[in-house]
Amino acid sequence: MASFNKVVLLGNLTRDPELKKSPNGVSVAKLRLAVNETYKDRQTGQPKEVACFVDVAVWDKQAESCGQYLTRGSQILVEGRLVYEEWKNAQGESRNRLSVRADRVQFINTVRRPDGAPPAGGPASVSASSPAPRGPTSAPASSPASGGPASVPASSPASAEPPLDDVPF
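Only a predicted model underlies this, so the values are computations on that prediction, with no experimental measurement involved.

A. Seen up close, the overall build of the chain. A count of helices and strands for the chain gives 1 helix and 7 strands. Of the regular secondary structure in the chain, the N- to C-terminal order runs β-β-β-β-α-β-β-β. The burial tally for the chain puts 27% of its 169 residues in the buried class. Within the chain, contacts between residues separated by at least 24 positions form 54% of all contacts whose residues are at least 6 apart in sequence.

And the structure:
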């Protein structure tokens, strides 16, 4: 039987990333993402907005980039897969949750830090499959065949915001 586990989310961080190291020294960032949905209420005709909050785990160099560049309110695009976790709490009760294990995080809009300084870098995309950034003037590319935007050098003024018709959804 075939199966497919792929998640694509676009939302805003509800808090700064929580960056830690695993016991074997691998970086992990815990993110909390708010994904909003707007719809028209059938009874009142008024627009309604509902937020869905999703826990996201980002690993390795990608986690370090998230910890360095992202802050509360930053808009990101996450591609990953659902992970089901089960455990028992201190009272012995069974607990469970679904979360997302990020394969790729793309920074859409970073937010200035509280001291007024911009984040240490501009918008970028970091892929878990990429061992390291290619250099200071380029961001890792996603293949145009996969529906993602082509890479644009970071020094280019066009890299600040992609055209709206280039958004892959």
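B. Seen up close, a nonpolar patch on the surface. Taken together, Leu 82, Tyr 84 and Leu 98 make up a surface patch of nonpolar side chains, about 310 Å² in accessible area. Looking at where Leu 98 falls in the secondary structure, it is placed in strand S6 (residues 94-109). For Leu 98, a relative accessible area of 54% puts it in the exposed group.

C. Spatial organisation of the environment of Ala 63. Examined against the element boundaries, Ala 63 turns out to sit in helix H1 (residues 60-69). Residue Ala 63 is classed as buried on the basis of its relative accessible area of 0%. When the C-alpha positions of Ala 63 and Val 105 are compared, they lie 9.2 Å apart, and in sequence the two are 42 residues distant. Dropping the residues within four chain positions of it, Ala 63 is found in contact with Leu 19, Ser 27, Val 28, Ala 29 and Val 58.

D. Quick peek at the side chain of Ser 27. Positionally, Ser 27 belongs in strand S3 (residues 27-40). Setting aside residues no more than four positions away along its own chain, Ser 27 makes contact with Leu 19, Lys 20, Lys 21, Val 58, Trp 59, Asp 60, Ala 63 and Glu 64.

E. Spatial organisation of the pattern of salt bridges. Per the counting criterion, the structure on display carries 6 salt bridges. Here Glu 18 ties to Lys 20 by a salt bridge, and the two come within 3.2 Å at their closest N and O atoms. Between Asp 55 and Arg 32 there is a salt bridge, with the nearest N and O atoms lying 2.8 Å from each other. Of this pair, Asp 55 sits in strand S4 (residues 47-59) while Arg 32 is found in strand S3, placing the two residues 23 residues apart along the sequence.

F. Spatial organisation of the environment of Gly 73. Mapped onto the secondary structure, Gly 73 falls in the loop between H1 and strand S5 (75-88). For the pair Gly 73 and Leu 13, spaced 60 residues apart in sequence, the C-alpha to C-alpha distance is 5.0 Å. Sequence-distant contacts of Gly 73, defined by excluding residues within four places in its chain, comprise Asn 12, Leu 13 and Val 111.

G. Quick peek at the pairing of S4. Summarising the sheet, S3 and S4 pair through 13 bridges and their orientation is antiparallel. Residue pairing for S4: Val 35 is matched across the bridge by Cys 52. In textbook terms, the turn of a hairpin is the stretch between consecutive antiparallel strands, and for S3 and S4 this stretch comprises 6 residues, one of which, Gly 45, has a positive phi near 75°. Relative to S6, S4 runs parallel, the two sharing 2 bridges. Residue pairing in the sheet places Ala 57 in a bridge with Arg 101 of S6.

H. Local environment of the side chain of Ser 74. Along the polypeptide, Ser 74 turns up in the loop between H1 and S5. For Ser 74, a relative accessible area of 0% puts it in the buried group. Within the local environment of Ser 74, its side chain forms a polar contact with the backbone oxygen of Thr 71, the two atoms lying 2.9 Å apart. When residues no more than four places from it in sequence are discounted, the contact partners of Ser 74 are Gly 11, Asn 12, Leu 13, Asn 109, Thr 110 and Val 111.

I. Inspection of the environment of Gly 25 at higher detail. Inspection of the secondary structure assignment puts Gly 25 in the loop between strand S2 (18-21) and S3. Placed 35 residues apart in sequence, Gly 25 and Asp 60 show a C-alpha to C-alpha distance of 9.2 Å.

Rules and cut-offs
Residues numbered from 1 in each chain as written. Predicted model: local features only at pLDDT ≥ 70, side-chain atom pairs only at ≥ 80, totals over all residues. Heavy atoms only, no water. Helix = DSSP H or I, 4+ residues; strand = E, 2+ residues; numbered from the N terminus. Buried < 20%, exposed > 50% of the residue type's maximum accessible area, 1.4 Å probe, protein only. Contact = heavy atoms within 4.5 Å. Patch = residues over 30% accessible without salt bridge, like charges linked within 9 Å, V, L, I, M, F, W, Y side chains within 5 Å. Areas by Shrake-Rupley, 256 points an atom, 1.4 Å probe, with all protein chains shown as cover. Salt bridge = Lys/Arg side-chain N within 4 Å of Asp/Glu carboxyl O. Pairing = 2+ DSSP bridges. Polar contact = N/O pair within 3.5 Å; in protein donor to acceptor, adjacent residues only side chain to side chain.

By themselves, these observations are geometric and do not establish any function.
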